[in-house]
Amino acid sequence: MSDLLAIGASGLRAYQSALTTVSDNIANASTPGYARRRVELSENASTNGALAQERSTVGNGVAVIGVQRLSEDLRNSAVRSTGADLAKTQSGITWLSRIQDALTGNQLGSREQPPPGGPGI
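Quick summary incoming for the structure in this document. (Residues numbered from 1 in each chain as written. Predicted model: local features only at pLDDT ≥ 70, side-chain atom pairs only at ≥ 80, totals over all residues. Heavy atoms only, no water.)

1. Considerations on the overall build of the chain
When its secondary structure is counted, the chain shows two helices and two strands. The linear arrangement of helices and strands in the chain, starting from the amino end, is α-β-β-α. The proportion of buried residues among the 121 residues of the chain is 10%. Put simply, of all contacts in the chain between residues at least 6 apart along the chain, 49% involve residues at least 24 apart. Summed over its atoms, the accessible surface of the chain is roughly 10,300 Å², and 56% of this surface lies on carbon and sulfur atoms. (Helix = DSSP H or I, 4+ residues; strand = E, 2+ residues; numbered from the N terminus. Buried < 20%, exposed > 50% of the residue type's maximum accessible area, 1.4 Å probe, protein only. Contact = heavy atoms within 4.5 Å. Areas by Shrake-Rupley, 256 points an atom, 1.4 Å probe, with all protein chains shown as cover.)

2. Some points on a nonpolar patch on the surface
On the surface, a nonpolar cluster with roughly 330 Å² of combined accessible area is contributed by Tyr-15, Leu-41, Val-64 and Val-67. Assignment of secondary structure puts Leu-41 in strand 1 (residues 37-43). (Patch = residues over 30% accessible without salt bridge, like charges linked within 9 Å, V, L, I, M, F, W, Y side chains within 5 Å. Salt bridge = Lys/Arg side-chain N within 4 Å of Asp/Glu carboxyl O.)

3. Some points on the layout of surface pockets
There is about 300 Å³ of room inside the largest pocket. Forming the walls of the largest pocket are Thr-31, Gly-33, Tyr-34, Ala-35, Arg-36, Arg-69, Leu-70, Ser-71, Glu-72, Arg-75 and Asn-76. Residue composition of the lining of the largest pocket, by class: three nonpolar, four polar and four charged. (1 Å grid on protein atoms, 1.4 Å probe; cavity = no way out; pocket = protein on both sides within 12 Å on 5 of 7 lines; lining within 4 Å. Points joined across faces, edges and corners; volume = space filled by probe spheres on them. Nonpolar A, V, L, I, M, F, W, Y, C, P; charged D, E, K, R; others polar.)

4. Details of the side chain of Ser-10
Topologically, Ser-10 is positioned in helix 1 (residues 2-27). A relative accessible area of 6% means that Ser-10 is categorised as buried. Among the polar contacts listed, one links the side chain of Ser-10 to the backbone nitrogen of Val-62, at a separation of 3.0 Å. Look past the residues within four positions of Ser-10 in its chain and what remains in contact with it is Asn-60, Gly-61 and Val-62. (Polar contact = N/O pair within 3.5 Å; in protein donor to acceptor, adjacent residues only side chain to side chain.)

5. Details of the side chain of Thr-21
Secondary-structure assignment places Thr-21 in helix 1. Here Thr-21 is in contact with Arg-37, Arg-38, Val-39 and Val-67, once residues within four sequence places are set aside.

This is the structure in structure tokens:
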């Protein structure tokens, strides 16, 4: 009987952790940057072997093996793509600014014209 109570207690502890994770997901659903989490449970395998009458194994309850952070692959891909586009645009702005500064610094547009009838015609 004590084995059954221990199995039940391990299940309660595991699902308490799962419910805590679900409540965190609900509470933070509208928080920017929050990623949903999921609890991974595993059966505690039996060390006794099989029962002779039923030919099934008796487990030792449930254990939490980890909390996995879930993310959306499409959203992550879009963020990476947008970041790459931003980097290319910033690089282009830098080079165009340098070209503009180089052309403006030489004052190519403000050259004096020679007087009419002077040298050069």
